[in-house]
Every structure is written in structure tokens, then in C-alpha cells.
Amino acid sequence: MTKPVIGFIGLGLMGGNMVENLQKRGYQLNVMDLNKEAVATCVARGAKAVSSAKELAANSDIVMLCLTTSAVVEKLVYAEDGILAGIKEGAVLVDFGTSIPASTRKIGADLAKKGAGMIDAPLGRTPAHAKDGLLNIMAAGDLDTFNKVKPVLDDQGENVFHLGALGAGHTTKLINNFMGMTTVCAMSQAFAVADLAGVDRQQLFDIMSAGPSNSPFMKFCKNYAVDGVSDLGFSIANANKDLGYFLKMVDDLGTESKIAEGSSANLQAAFDAGLGNGNVPEIFDYFVKLEK
């Protein structure tokens, strides 16, 4: 059976490794990215470079996005030479990024008017897993559309979940990141307060890790706060963006989250202090220096 032609936009560390994995599995790809070096790397392995999202969509059966923000996704979809202008009837758009669910549903509705489908499929795990096709994929959308692209998703992920109607994947990812990033903020501040109070940080970890607070996130926080090792590969800038999206989603649902507001305020303050490129446990440095 002939493999679908895939158009892939967003060749960063995660997206670039996803493309490499697909190429190793025999897929033909059209690629696009602002980073010409990343494009050239894919072209050297047999991909075709395109000059616009419209051209990419017109020549692809499945269009995949691995981008930074909802705003970037919407710009690529709705531009005059964008995806919506070129996508074929029966094609499917897959958004692997972390986006605002309301935006995802709007794009899906507009694609449906052209006879195209959409799946939101945010990712878990790391770029190393992407290279080996071992990601966790939280997919959502119309079941027939999901089943159409599932063989390709299975080549990209070890665990591929179908979570319901379009937007449920992005919703789940934002809830997951709210829980995780709030936990990291709280644990990092716990180490900072211990430091300010003269309590040994290693001793604090020994006590906390012996109880129900112990978790992989606590280990990441301890690795930085105690050992100076920053090994949770997720930046303060990305966490700040995702908490902002979570708060937007919560507002769209007609409720509020004071917990998320607190974490978001701390992440924004750390970002403003120049720590945005650091991994999230490095917010410890912000908390240590925080004064009333």
C-alpha cells in the first residue's frame, strides 16, 4: 500500500527528529521551516523543500505541524499563501504542538468546509524518543479522521491515545503541563525557602522523598537545587507559555484557577528576570533571590 505524502512544518529539535524518523520509515516528505539549515538537512535525506504553506498543503496528503504557539499555527493556516488556501479535499492537518483548544476547534471547522480533517496530537517524551518513533501522542478528533492517520502516528509514537473530540488532545496536554509545572514551581520554592531558612537542601530532599511527595519532578528539582544539574529538558519560557494557555482555556470554560495564576506569575517573573531559556527547575534561582 502506498504511503501518504507528508508535509511537515516546524523542523526544530523535536520536529526535525520526527521527520528523520519518518524518512527512515520510507515516507516522502515536503518540508518547510525558517531555518534553512534544518531544511537542507532534511532535503539531503530526500525531502522536498517548498516555499509556502499553500504549496506544501497542495502537494501533501497529511500536513503536520510542530510549532511554538497558537498564533504561529493560525498565521500559517490563514495566510493568503497558507495551509487553508492549498489543502486538498480528504487531506488531514495534524498539530503536534501545544495550542489553545478553542483555536484548534476553529481551525478544524474551517478545514471541514474544504473537506479536510484535523487532528490535534500534542506530544509527550523527548526529541530522542522522536528520532526513534517512541513518542507519547495525545491525539483527538473525529474517529474516522484519526483512523486515517493512525498508521503514520503509530510510526511516530510508542503510545498513541485517542482522547475524544477535536481539542481534547490540547486540553489534556495543557492540564498535564499545568500539573507538572505547578509541581516544579512549588518544589523549587520549597528548596529556596529551606535555603533562606538555613535548612540543608539535601536533608530536606531526604525527608520529602521518603514520603508521598516523592516523584520524578522532585528529583529534577533536587538535581538542580542540590546538585546544580539541570536535566529537565523543558524551558521556563515554554512553561510560561503553556500556563498562559491553560489560564486562557480555564477562562473559556467559565471558571478560574488561582493555583495556575500563582504559578504563571512566578514563571513570568522568572522569564522577565532573564531566566526564560533555563529549564524549569532553574526557577529555584529566582526564588532564592526573591525579596519582598
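The structure presented is a predicted model; accordingly, all values stated were derived computationally and were not measured.

A.B. asks: Could you clarify how one ought to interpret the sheet that holds strand E6 (residues 117-120) in this entry?
C.D. replies: Two pairing modes exist for strands in a sheet, parallel and antiparallel, and in both the strands are linked by backbone hydrogen bonds. Spatially, E3-E2-E1-E4-E5-E6 is the arrangement adopted by the 6 strands of the open sheet, whose pairing is parallel. Two strands lie at the open edges of the sheet, namely strand E3 (48-49) and E6, each paired on one side alone. Sheet topology note: the strand E5 (residues 92-95)/E6 ladder contains 4 bridges and is parallel. Across the sheet, residue Leu 93 finds its bridge partner in E6, namely Met 118. Seen against the sheet, helix H6 (residues 101-112) touches E5 and E6 and runs at an angle of roughly 160° to E6.

A.B. asks: Would you mind going over helix H2 (residues 36-44) with me for this structure?
C.D. replies: A turn of α-helix holds 3.6 residues, and therefore any two residues three or four places apart point the same way. For H2, every residue scored as buried is listed here: Ala 38, Val 39 and Cys 42. Mapping the buried residues of H2 onto a view down its axis gives an arc of 100°, with all of them on the same face. Turned more than 90 degrees away from the buried face of H2, the exposed residues are Lys 36, Glu 37 and Ala 44. Capping the start of H2 is the job of one residue whose side-chain oxygen sits 3.0 Å from the backbone nitrogen of Glu 37: Asn 35. Once H2 finishes, Gly 46 follows within two positions and takes phi at roughly 115°, a positive value.

A.B. asks: How should I be thinking about the pairing of strand E8 (residues 135-139) in this particular structure?
C.D. replies: A regular strand carries its side chains on alternate faces of the sheet. Taking burial as the measure, the 5 residues of E8 include 4 buried ones, the bulk of the element. Sheet analysis places strand E7 (residues 123-124) next to E8, joined by 2 bridges and oriented antiparallel. Bridge pairing in E8 places Gly 124 opposite Asn 136. Here E8 runs beside strand E9 (residues 157-162); their pairing, made up of 5 bridges, is parallel. By the bridge assignment for E9, Ile 137 is matched with Val 160. In terms of handedness, the path from E8 via helix H8 (residues 143-156) over to E9 forms a crossover that is right-handed.

A.B. asks: Even after reading the chapter, I still don't get the pattern of salt bridges, so can you show me in this structure?
C.D. replies: It is possible for side chains of opposite charge to pair when their charged atoms get near one another. Counted according to the given criterion, the structure contains 14 salt bridges. With a shortest N-O distance of 3.2 Å, Asp 61 and Lys 88 are connected by a salt bridge. Note that Asp 61 is positioned in the loop between helix H3 (53-58) and strand E4 (62-65) and Lys 88 in the loop between helix H5 (83-86) and E5, a separation of 27 residues in sequence. Taking relative accessible area as the criterion, Asp 61 reaches 31% and is therefore assigned partly exposed. A single salt-bridge network, built from bridges that share partners, covers Glu 20, Arg 45 and Lys 131.

A.B. asks: Would you mind showing me how to read the packing of helix H9 (residues 168-197) against helix H12 (residues 236-252) here?
C.D. replies: Working note: a packed helix pair is described by the angle between its axes plus the distance between those axes. Running from N to C, H9 and H12 point in directions that differ by 120°, and their axes come no closer than 9 Å. It follows from the interaxial angle that H9 and H12 lie oblique. Crossing geometry of H9 relative to H12 is assigned as left-handed. Contacts between H9 and H12 involve Thr 171, Leu 174, Ile 175, Asn 177, Phe 178, Met 181 and Thr 182 from the first element and Ala 239, Asp 242, Leu 243, Tyr 245, Phe 246 and Met 249 from the second. Within the contact of H9 with H12, the residues separate by chemical class into 9 nonpolar, 3 polar and 1 charged.

About the cut-offs
- Along each chain, numbering runs from 1 in the same order as the chain's sequence is written.
- With the structure being a predicted model, the display of local features is reserved for residues of pLDDT at least 70 and the display and counting of side-chain atom pairs for 80 or more, all residues being used for whole-chain, interface and lining totals.
- Based on all heavy atoms of the structure, the side-chain values leave hydrogens and waters out of the count.
- Between any two strands, at least two bridges found by DSSP are needed for them to pair.
- Secondary structure elements follow DSSP: runs of H or I of four or more residues count as helices, runs of E of two or more count as strands, with numbering from the N terminus.
- Between two residues, a contact is recorded if the distance between any of their heavy atoms is within 4.5 Å.
- Every axis corresponds to a line fitted to the C-alpha atoms, with the helix fit spanning only the stretch in contact, and the corresponding angles, defined between N-to-C directions, vary from 0 to 180 degrees.
- Here's how the labels work: a residue is buried when its accessible area is under 20% of the maximum for its type, exposed when over 50%, partly exposed in between, all with a 1.4 Å probe on protein chains only.
- Here the arc refers to the set of directions running from the helix axis out to each C-beta atom.
- Pairs of N or O atoms are called polar contacts if they sit within 3.5 Å, as long as, within protein, a hydrogen donor faces a hydrogen acceptor (for residues adjacent in sequence, only side-chain-to-side-chain pairs).
- When the strands point away from the viewer and the connection leading from the first strand across the helix to the second strand turns clockwise, the crossover is called right-handed.
- The term salt bridge refers to a pairing of a side-chain nitrogen on Lys or Arg with a carboxyl oxygen on Asp or Glu at a separation within 4 Å.
- Oblique is the label for every angle not falling under 35 degrees (roughly parallel), over 145 degrees (roughly antiparallel), or within 65 to 115 degrees (roughly perpendicular).
- Put simply, a crossing is left-handed when the front helix is turned counterclockwise from the back one by less than a right angle, and right-handed when it is turned clockwise.
- For this scheme, ten residues count as nonpolar: Ala, Val, Leu, Ile, Met, Phe, Trp, Tyr, Cys and Pro. Four count as charged, namely Asp, Glu, Lys and Arg, and the remainder, Gly too, count as polar.

Keep in mind these numbers describe shape, not what the thing actually does.
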